[in-house]
Number of protein chains: 2
Amino acid sequence: MTQLQLDDTHDPSATSWVESANGADTDFPLANLPFGIFRHDVEERPRIGIAIGDHVLDCLAATRAGFFGDVDPAVRDALQSWTLNPLMALGRADARAVRRVAHRLLSAGTAEGSRARSLSADLLASNTAIGMRVPAEIGDYSDFYASVNHATNVGSMFRPHHPLLPNYKWMPIGYHGRASSIVASGTPVRRPRGQSVASPDGPPSVGPSARMDYELEVGAFVARGNRRGDVIPLSVAEDHLFGLCLVNDWSARDLQQWEYQPLGPFLSKSFATTVSPWVVTLDALEPFRTPAFVRPPGDPAPLPYLDDATDRARGGFGITLEVWLRTAAMRAAGQPAERLSRGDFGSMYWTLAQMLTHHASAGCNLQSGDLIASGTVSGPDRGSRGCLLELAWRGQSPVTLSTGESRVFLHDGDEITLRGWCEREGFRRIGFGDCSGEVLPALA
Amino acid sequence: MTQLQLDDTHDPSATSWVESANGADTDFPLANLPFGIFRHDVEERPRIGIAIGDHVLDCLAATRAGFFGDVDPAVRDALQSWTLNPLMALGRADARAVRRVAHRLLSAGTAEGSRARSLSADLLASNTAIGMRVPAEIGDYSDFYASVNHATNVGSMFRPHHPLLPNYKWMPIGYHGRASSIVASGTPVRRPRGQSVASPDGPPSVGPSARMDYELEVGAFVARGNRRGDVIPLSVAEDHLFGLCLVNDWSARDLQQWEYQPLGPFLSKSFATTVSPWVVTLDALEPFRTPAFVRPPGDPAPLPYLDDATDRARGGFGITLEVWLRTAAMRAAGQPAERLSRGDFGSMYWTLAQMLTHHASAGCNLQSGDLIASGTVSGPDRGSRGCLLELAWRGQSPVTLSTGESRVFLHDGDEITLRGWCEREGFRRIGFGDCSGEVLPALA
């Protein structure tokens, strides 16, 4: 593996004075320090926070207390915003500087740590006492289709004779999603109503979607953007990526099947998209770099503008991804959620850098805070399929639950939680936090 | 025809003290009064303006001079913004109140008009001395496909055996566009580079698009929005539409053909979309209401949520739409632009109200300032086809120009101008102003 770009923040022996950050299974140890937007109560202006154990470092309070005195004034201004966009716009180097200051501030045994600890009543909020918001003002949301397993599975259901279209291995296929309906984890999602058909040519009937599904995805927030008409060479693509989150791209499969030709999914996806509220920086993910997906013999080599040959050894991120379901019956019985699948982000055919470079390649301007999602992450085996459409194979293989219930698509009251984390020998485990949403009944 | 909702602002005998507004062929007589965003110079904050003849009424200056003293304070605040979103969010009734005040203020022979005329040095800017901007902060841009002639023409080129897909007559087909690359009229548009194929299965090559095209569309800005999960009944849909503009949905046909399956157009459209800078309100368009498109016998009746039977007599807008081309050779010879087509917005299969209601029907939240475009407006005959793909029938019937040049797709240096206007006996002609853009050569 190519040399990792590590620094003190990746030191697994460092401990925090915030005790909950030192446990083996927290998503937010001192080695993570993801950014998010929170507020103490609805009356208050949203603020930038950094997750640490089961607490949140209040960046506004920390800035006012002088902890960011050594960073550039523009960075201090950005830290006092009510959204992450200004910090994202400054670029990755400045975000790295902030993360390093936060690391010292939250460490046990440093001068900054001692001082911060004495001010902890002002600087820390409890993760359970606050409301998390979508971490950026998302101007545009683009969704890709980068798992070859997902594309092949879904394609074989709808187009059995040519499941994978001829363009798939030449470009990261993507489309424009809906930005307005992106919500933060914990927001309930109402089952949509719409047109669906019993036979392919119609006629349609209108009613609540009978095939509501989740999609397990990884999202990336754009850091610095590009001007309209300019491109982003692959060699610098990651400089334009601020960090990652989890994305549930809720889908109404029956609406989708009827509406999606010839212009793509529209209402079947635009009723809601849930994001996990913490943005895990690429710096925190550095120890978990993996080689990019190895193309099978016979697949075409990437075209020059997408050719990452010099960087394939570190093109991917080794993120374990899980989907958990808690039904209304499980809640009533006091039972915990049950795992539906476990996959790995390393199985994607295209890297996030390739998606970003392709996106800008015809001159489309990406802006700070834009969200790019990977598409459903599905591995090669059944247990790693990232949506119910695939898991239950279009209804043919129902998923049986420990309660005796079964699922082919989602029921009202079902709560879906996506989880993701990274583990590697010699490093602290880091995670993304939950990406959850409960299905509400359709409007009458 | 159903009774029109007319008031003093539609009186064709009213004249303005701004002389240029009284000419027979201005787009901006006293009966129009469209809203836009302008600035005197790049140093200055953008302001809301109202077009009048070849001048612009500065709404910030007019508000400070006390002309809007009788409107709600929230409206006065909105008029002092640097974007139209706050005014759009207040809803159509408040915009109507502003338009009525502006009408009195710009009329000859009123007390307000006399006072305004005496302050004209402060209140008016010359249309040629200012820079027009995109009129709203567009959160999301959605593009429909509502011309059955366009859908049939394009479908017959790409799917000769089933040009019109089974869903077409059941729902307004639409997709999510790219908001970041929407630009105001006059902004040059660089020819995109990207993947295209010589045979349907590839392999692709990368280079400047060889099939760059325009698309003639009408856009609608959303006034009040809806909450996520709620719907917008058709009976109130027009209350959510602030006004209309012209849209050129530039398209790279070769990129589009290779990339668009299965998720729809992406890079082939997202490099630029040009809008005309003046938003013509639905109030100004009231005299030009027309019956909605009459479905041929055998077509299905609209489903109940899209059934506008009670309002079909006034469901459409009679807007004449033209496309003009000025090539580099025409410019060099001092020749004016040449008209490529003339069509009518009344030919659309779905109304803007139906598009909006469908868009929100599964719970997607529309927001003030969102842009909804109609899709290419093509009539039934060749002279009314709204893009070169159709006009030159995929390259088979080149368009011959007076210079001896011909076109199947756009050349570098071609300037495309969309124009639109409404005329009716007994009313003043009103227009949209130009929607222009020149094609720049691709990056090397």
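Preceding block: the structure.
Rules and cut-offs
Residues numbered from 1 in each chain as written. Chains lettered and ligands numbered in written order. Predicted model: local features only at pLDDT ≥ 70, side-chain atom pairs only at ≥ 80, totals over all residues. Heavy atoms only, no water. Helix = DSSP H or I, 4+ residues; strand = E, 2+ residues; numbered from the N terminus. Buried < 20%, exposed > 50% of the residue type's maximum accessible area, 1.4 Å probe, protein only. Pairing = 2+ DSSP bridges. Least-squares fit on C-alpha atoms with pLDDT ≥ 70 in both. Contact = heavy atoms within 4.5 Å. Axes fitted to C-alpha atoms, helices over the stretch in contact; angles between N-to-C directions. 1 Å grid on protein atoms, 1.4 Å probe; cavity = no way out; pocket = protein on both sides within 12 Å on 5 of 7 lines; lining within 4 Å. Points joined across faces, edges and corners; volume = space filled by probe spheres on them. Nonpolar A, V, L, I, M, F, W, Y, C, P; charged D, E, K, R; others polar. Phe/Tyr/Trp six-rings, centres within 6.5 Å; stacked < 30°, edge-to-face > 60°. Lys NZ or Arg CZ within 6 Å of the ring centre and 35° of its normal. Expected span 1.5 Å × (residues − 1). Disulfide = S-S within 2.5 Å. Buried area = accessible area lost by both parts, 1.4 Å probe. Salt bridge = Lys/Arg side-chain N within 4 Å of Asp/Glu carboxyl O.

Considerations on the environment of Ala309(A)
Residues and elements named next belong to chain A.
Now for step 1: Topologically, Ala-309 is positioned in the loop between strand S18 (289-290) and strand S19 (316-317).
Now for step 2: Residue classification places Ala-309 among the exposed positions, given a relative accessible area of 55%.
Now for step 3: When the C-alpha positions of Ala-309 and Ala-292 are compared, they lie 9.7 Å apart, and in sequence the two are 17 residues distant.

Focus on the pairing of strand S3 (residues 55-58) of chain A
Residue and element names in this part refer to chain A.
Now for step 1: Bridge count between strand S2 (residues 47-52) and S3: four bridges; the pairing is antiparallel. Paired with Ala-51 across the strands is Val-56, a residue of S3.
Now for step 2: Adjacent in sequence and paired antiparallel, S2 and S3 are bridged by two residues, among which Gly-53 carries a positive phi angle near 55°.
Now for step 3: Of the strand pairs in this sheet, S3 and strand S4 (residues 124-126) are connected by three bridges, and their pairing is antiparallel. Bridge pairing in S4 places Val-56 opposite Ala-125.

Description of the relation of the copies chain A and chain B
Now for step 1: For the pair chain A and chain B, the relating rotation is 180°, the translation along its axis is 0.0 Å, and the fit reaches an RMSD of 0.0 Å. Such values leave the two copies arranged in the relation of a two-fold axis. For chain A, the residue whose C-alpha comes nearest the rotation axis is Gly264(A), separated from it by 2.1 Å.
Now for step 2: Counting the interface residues of chain A, we find that 100% of their copies in chain B are interface residues as well, pointing to one common contact surface.

Notes on the sheet that holds strand S2 (residues 47-52) of chain B
Residues and elements named next belong to chain B.
Now for step 1: Strand order in the open sheet formed by five strands is S4-S3-S2-S1-S5, with antiparallel pairing between adjacent strands. Every interior strand has two partners, whereas the edge strands, strand S4 (124-126) and strand S5 (131-133), have only one. In this sheet, adjacent strand axes meet at a mean angle of 45° when their direction is disregarded.

Let's talk about the sheet that holds S3(A)
Residue and element names in this part refer to chain A.
Now for step 1: Strand order across the open sheet formed by five strands is S4-S3-S2-S1-S5, with antiparallel pairing between neighbours. Taken across any chain shown, the strands that pair with only one partner, and hence form the sheet edges, are S4 and strand S5 (131-133). The average undirected angle you get between the axes of adjacent strands in this sheet is 45°.

Looking at the environment of Val377(A)
Residue and element names in this part refer to chain A.
Now for step 1: By secondary structure assignment, the location of Val-377 is in the loop between strand S22 (371-373) and helix H13 (388-391).
Now for step 2: Judged by its relative accessible area of 1%, Val-377 is buried.
Now for step 3: If near-sequence neighbours (up to four positions away) are discounted, Val-377 is found in contact with Ser-147, Leu-216, Glu-217, Val-218, Leu-321, Asp-344, Phe-345, Ser-347, Met-348, Ser-384, Arg-385 and Gly-386.

Looking at the layout of surface pockets
Now for step 1: Approximately 1,100 Å³ is the volume found for the largest pocket.
Now for step 2: Looking at the largest pocket, it is lined by 32 residues, and the ones nearest its centre are Arg159(A), His162(A), Gln261(A), Arg159(B) and Gln261(B).
Now for step 3: Secondary-structure elements contributing two or more residues to the lining of the largest pocket are helix H7 (148-158) and helix H8 (253-259) of chain A together with helix H8 (253-259) of chain B.
Now for step 4: For the lining of the largest pocket, the per-class residue count stands at 17 nonpolar, ten polar and five charged.

Observations concerning the packing of aromatic side chains
Now for step 1: Summed over the entire model, instances satisfying the criterion amount to 16 aromatic pairs over all chains.
Now for step 2: When the centroid spacing of 6.0 Å and the interplanar angle of 75° are considered together, the rings of Tyr145(A) and Tyr168(A) count as edge-to-face. Residue Tyr145(A) is found in the loop between strand S6 (141-144) and H7, and its partner Tyr168(A) is found in the loop between H7 and strand S7 (174-176); the two are separated by 23 residues along the sequence.
Now for step 3: Its relative accessible area of 2% is what places Tyr168(A) among the buried residues.
Now for step 4: Ring plane angle 55° and centroid distance 5.9 Å describe the contact between Tyr168(B) and Tyr349(B), whose orientation is recorded as tilted. A residue pair is termed long-range when its members are at least 10 positions apart, and Tyr168(B) in the loop between helix H7 (148-158) and strand S7 (174-176) and Tyr349(B) in the loop between strand S21 (338-344) and helix H12 (352-360) qualify at 181 residues. The burial state of Tyr168(B) is the same as that of Tyr349(B); both residues are buried.
Now for step 5: Put simply, the rings of Tyr145(A), Tyr168(A), Phe293(A), Tyr349(A) and Trp350(A) touch in pairs and so form one group of aromatic residues.
Now for step 6: For Arg394(B), the ring lying beneath its charged end belongs to Phe158(B), and the centroid distance is 4.5 Å.
Now for step 7: For the cation-ring pair, Arg419(B) lies above Trp324(B), with the distance from its terminal atom to the ring centre recorded as 5.0 Å.

Describing helix H4 (residues 92-106) of chain B
Now for step 1: Compared with an ideal rise of 1.5 Å per residue, which puts 15 residues at 21 Å, H4(B) spans 21 Å between its outermost C-alpha atoms and is within 8% of the ideal.
Now for step 2: All of the buried residues along H4(B) are Arg92(B), Ala95(B), Val98(B), Arg99(B), Val101(B), Ala102(B), His103(B), Leu105(B) and Leu106(B).

Thoughts on the state of the cysteines
As used here, a disulfide is simply a covalent bond connecting the sulfur atoms of two cysteines.
All names here are of chain B.
Now for step 1: Overall, the coordinates contain zero disulfides over all chains when judged by the stated rule.
Now for step 2: In this model Cys-422 remains outside any disulfide bridge; the closest cysteine sulfur is found in Cys-245, 13 Å from its own.
Now for step 3: A relative accessible area of 1% places Cys-422 in the buried class.
Now for step 4: Left unpaired, Cys-435 is separated from the closest cysteine sulfur, that of Cys-245, by 7.4 Å.

Some words on the interface of chain A and chain B
Now for step 1: Each side of the interface is counted separately: chain A has 64 residues, and chain B has 64 residues.
Now for step 2: Across the interface of chain A and chain B, roughly 5,500 Å² is buried in total on both sides, 61% from carbon and sulfur atoms.
Now for step 3: Three residues stand out in chain A for area buried against chain B, namely His176(A), Leu263(A) and Phe266(A), and they jointly supply 15% of the buried area on that side.
Now for step 4: Across the chain A-chain B interface, the total number found is four salt bridges.
Now for step 5: Put simply, Asp370(B) and Arg178(A) hold a salt bridge, and the shortest N to O gap is 2.7 Å.

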